[in-house]
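# Observations on the three-dimensional arrangement
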There are 2 protein chains.
Amino acid sequence: MKSITVAVDAMSGDGGSDINLEGCRQALLGDPTLHVLLCGEPEPLEAACASWPAGLNERVSVRPSNSVLAADAGPALALRHGRDSSMATALQAVHDRAASAAVSSGGTGALMVLARHVLGMLPGIERPALMAAIPTASGLTWMLDLGANIQVDADRLCEFARLGHVALGTVNGRAPAIALLNIGSEPGKGPDAIREAGRRLAADPDIDYQGFIEANRVFDGAVDLVVCDGFSGNVLLKSAEGAIRLMFGQLKTSFAGSLCGYMARPRLRRLNDSLDPSRHNGAPLLGVRGTVIKSHGAATAEGLAHAITLGALEARRDLSAAMAAHLWVAD
Amino acid sequence: MKSITVAVDAMSGDGGSDINLEGCRQALLGDPTLHVLLCGEPEPLEAACASWPAGLNERVSVRPSNSVLAADAGPALALRHGRDSSMATALQAVHDRAASAAVSSGGTGALMVLARHVLGMLPGIERPALMAAIPTASGLTWMLDLGANIQVDADRLCEFARLGHVALGTVNGRAPAIALLNIGSEPGKGPDAIREAGRRLAADPDIDYQGFIEANRVFDGAVDLVVCDGFSGNVLLKSAEGAIRLMFGQLKTSFAGSLCGYMARPRLRRLNDSLDPSRHNGAPLLGVRGTVIKSHGAATAEGLAHAITLGALEARRDLSAAMAAHLWVAD
């Protein structure tokens, strides 16, 4: 496997540099051809890596940045004060070809606007969109958008479908089955924008369009990609997260102190792990010129390692070049 | 307890009149002061009730209607061809004061438009809204809207909050804690309409407004009512349903054939029941002049009985009069 360098925003995220460093260490352990470019305060980062074994620390370098954006920094603040931040430094490393992908656990709005500013957009794409995976009956299903595109028209929904078509097609080697999230499966259901996008996608010979999908059916895993606006996507993802946490809480109470509960524990833990969103941490930011992965602000070290590995995989498949080559401009 | 009559659309819903009759029978068994007015084809309904024991069949009567609206009949079709339907007949019984509440498992769009047409709207309320309960850590949390109001402005969101404030306040005897569904809890997050509604609700001394709530936190049960547009509400509810079904499916597979699975079965069944949306079947349609309960199209007999009992409870608390008296017209 060819060696690949991933730039990691080492300062952002709820856990700060400690979690980021441990995530990088785990990713390096899991992939001997991976190099990590840590972006952040040089002294503490270099001191921490110095204690790692030689096989790891020779695959780490540091790109200095002495500022970090707050998790809730909005787009305006990010553009005004964030151009030297650890997040922007990681994106700049991709722009300078010092790294093949950038990973950050910072805020979504800031990442979208800085990625657009530093890397630029692909031809015909208006704004970046965020694609994330959720666990379903068939394994994983991707959702797009989960970013800050909260009010979208038919053009944007079709743009999301095209972005996801090329991205998943490149990474998986086959065209993804795509559906539009709606409140009913009949063609007459839902808002105008979704119905219009449905008509256009059905007429597009390149897209494997499967029609409308209701939120409950997403978990059947019958499609590879669900296209929606960022608000609905956020609600779907977080509702599932909340319902699963509620159910595990009630299972725990119900089994508490019983032999059966003791016996069931390993099974429940495995199930919790398989449904845990942090296991699937890492959301590709699509539409920008370069590979960028958004990691959850509350990501664990294991979660960050997963996001870094995803960035390395996309870079190896040359997703960014494929996106530039295969994206066709909207009619 | 004073005797109360609930009109039941006996023909709508996936299970047809069989399920509806069995649901009515269960509701009558559970409440000796309940009367049911069955709306639908008189001969088969009367024949079925004739076989019931005297204590039940003397509390049933039939209001004839020989047409039934298809489950997917839209508002236009409902208004054109549905005015003699079993659904409209049940609503008419409330209008004529032959019944204190109407229950139907027919389509949401048809029920909204026929209820508005037959009963009329409360002062200052533009369109009916649907309020439904979801299981959360504290028991039940209500969501409003889950109806056909898919694109809403700040006025409508504030209207939903007022409707829910009066409805839950009347039924529970205390003002509900209300939050607005959003993709973040900070005041600057989300679409304009939600932020504007948040500002207005915060300034309203009557409303116990708790700010924005994210979809995952809804399941903590910290608020009594979550206000949202009908699209997001549908996505939240169905996503939770899909995630819980996925999890039960995986639990079943994981436990299959094991002693532990055998021992865990009663606990899992109880948990499944407590989280099963059909156990909480019955969504009050708010804003119309009269008590109307929407039952799920796929409701079981037990689910329909629950919806009928809810209709009787609301009628006993005189919700409709309370709504008319306490609703204040929007600024």
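Residues numbered from 1 in each chain as written. Chains lettered and ligands numbered in written order. Predicted model: local features only at pLDDT ≥ 70, side-chain atom pairs only at ≥ 80, totals over all residues.

## Considerations on the overall build of chain A
Counting its regular elements, chain A contains 13 helices and eleven strands. Its C-alpha radius of gyration of 20 Å places chain A within 12% of the 20 Å reference for a compact globule of 331 residues. Its C-alpha atoms put chain A at 60 × 60 × 40 Å along the principal axes. Across the 331 residues in chain A, those meeting the buried criterion constitute 55%. (Helix = DSSP H or I, 4+ residues; strand = E, 2+ residues; numbered from the N terminus. Rg over C-alpha atoms; globule rule 2.2 N^0.38 Å. Buried ≥ 20, exposed ≤ 12 C-beta atoms within 10 Å, placed from the backbone.)

## A short note on the sheet that holds strand E8 (residues 208-213) of chain B
Residues and elements named next belong to chain B. Ordered by their spatial adjacency, eleven strands build an open sheet running E3-E2-E1-E4-E11-E10-E5-E6-E9-E7-E8, and the pairing between neighbours is mixed. Two strands close off the open sheet at either side, each with one partner strand: strand E3 (60-64) and E8. Ignoring which end each strand starts from, the neighbouring axes of this sheet average 30° apart. Where strand E4 (residues 101-104) and strand E11 (residues 291-294) come together, four bridges link them in parallel fashion. Among the inter-strand pairings, Ala102 is bridged to a residue of E11, identified as Val292. (Pairing = 2+ DSSP bridges. Axes fitted to C-alpha atoms, helices over the stretch in contact; angles between N-to-C directions.)

## Some thoughts on the relation of the copies chain A and chain B
Note on the copies: chain A fits chain B at an RMSD of 0.1 Å, the axial shift is 0.0 Å, and the rotation between them is 179°. Accordingly, the operation relating the two chain copies is best matched by a two-fold axis. Residue Ala240 of chain A of chain A places its C-alpha closer to the rotation axis than any other residue of that unit, at 2.5 Å. When the interface residues of chain A are mapped onto chain B, 100% of them again fall at the interface, so both copies present the same face. (Least-squares fit on C-alpha atoms with pLDDT ≥ 70 in both. Contact = placed C-beta atoms within 7 Å.)

## Quick notes on unusual backbone geometry
Residues and elements named next belong to chain A. The omega angle of the peptide bond from Leu144 to Asp145 is 20°, so this bond is cis rather than trans. By the element assignment, Asp145 lies in the loop between strand E6 (139-144) and helix H7 (154-172). Phi at Asp318 takes a positive value of approximately 55°, unusual for a residue other than glycine. Its place among the elements puts Asp318 in the loop between helix H12 (301-316) and helix H13 (319-326). The exposure class of Asp318 is partly exposed, given the 14 C-beta atoms found within 10 Å.

## Digging into the pairing of strand E10 (residues 283-286) of chain B
All names here are of chain B. By the alternation rule, side chains of E10 split into Ala283 and Leu285 and Pro284 and Leu286, which are all buried. In this structure, strand E5 (residues 129-136) lies alongside E10, joined through two bridges in antiparallel fashion. Paired with Leu130 across the two strands is Leu285, which belongs to E10. Across three bridges, E10 lies against E11 in antiparallel orientation. What sits directly across from Leu285, in E11, is Val292.

## Focus on the interface of chain A and chain B
Taken together, the contact between chain A and chain B spans 44 residues of the former and 44 residues of the latter. When contributions to the side of chain A that touches chain B are tallied by element, the ones reaching two or more residues are helix H9 (215-218), helix H10 (230-255) and helix H11 (259-275) of chain A. At 20 residues, the largest contribution of residues to the side of chain A that touches chain B is made by H10 of chain A.

## Quick word on the environment of Pro187 of chain B
For Pro187 of chain B, the location among the structural elements is in the loop between strand E7 (177-181) and helix H8 (192-202). A C-alpha to C-alpha distance of 46 Å links Pro187 of chain B and Ser86 of chain B, two positions 101 residues apart in sequence.

## Points about the pairing of strand E2 (residues 34-40) of chain B
Regular strands have side chains that alternate between both faces of the sheet. Residues and elements named next belong to chain B. Across the seven residues that make up E2, a large majority, six, are buried. The sheet contact formed by strand E1 (residues 4-9) and E2 spans six bridges and is parallel. Of the residues in E2, the one forming a bridge with Thr5 is His35. As paired strands, E2 and E3 are joined by five bridges and run parallel to one another. Looking across to E3, one finds that Cys39 is bridged to Arg63.

## Re the sheet that holds strand E1 (residues 4-9) of chain A
All names here are of chain A. Taken in spatial order, the eleven strands make up an open sheet running E3-E2-E1-E4-E11-E10-E5-E6-E9-E7-E8, and their pairing is mixed. Here the strands that pair on one side only, and so sit at the sheet edges, are strand E3 (60-64) and strand E8 (208-213). Averaged over all neighbouring strand pairs, the angle between strand axes comes to 30°, with direction disregarded. Of the strand pairs in this sheet, E6 and strand E9 (residues 225-227) are connected by three bridges, and their pairing is parallel.

## Observations concerning the environment of Gly233 of chain A
Residue and element names in this part refer to chain A. Along the polypeptide, Gly233 turns up in helix H10. In sequence terms Gly233 and Asp145 are 88 residues apart; their C-alpha atoms lie 6.3 Å from each other. Those residues in contact with Gly233 that sit more than four places away from it in its chain are Met143, Asp145, Leu146 and Cys228.

## Description of the domain arrangement of chain A
Residue and element names in this part refer to chain A. Segmentation of chain A into domains returns domain 1 (1-125 + 287-331) and domain 2 (129-280). Listed by partner, the interface residues are 20 residues for domain 1 and 15 residues for domain 2. Residue assignment for the side of domain 1 that touches domain 2 shows that the elements contributing at least two residues are helix H6 (108-119), H12 and H13. Partitioned by chemical class, the residues of the side of domain 1 that touches domain 2 number nine nonpolar, eight polar and three charged. (Domains from an automatic or database assignment. Nonpolar A, V, L, I, M, F, W, Y, C, P; charged D, E, K, R; others polar.)

## A word on helix H13 (residues 319-326) of chain B
Residue pairs spaced three or four apart in an α-helix point in one direction, given the helix's 3.6 residues per turn. Residues and elements named next belong to chain B. Among the residues of H13, those classed as buried are Leu319, Ser320 and Met323. Each buried residue of H13 sits inside an arc of 100° when the element is viewed along its axis, so together they form one side. Projecting away from the buried face of H13 at angles above 90 degrees are the exposed residues Ala321 and Ala325. Check the buried side of H13 and you find it contacts helix H7 (154-172), E11 and helix H12 (301-316). (Arc of directions from axis to C-beta.)

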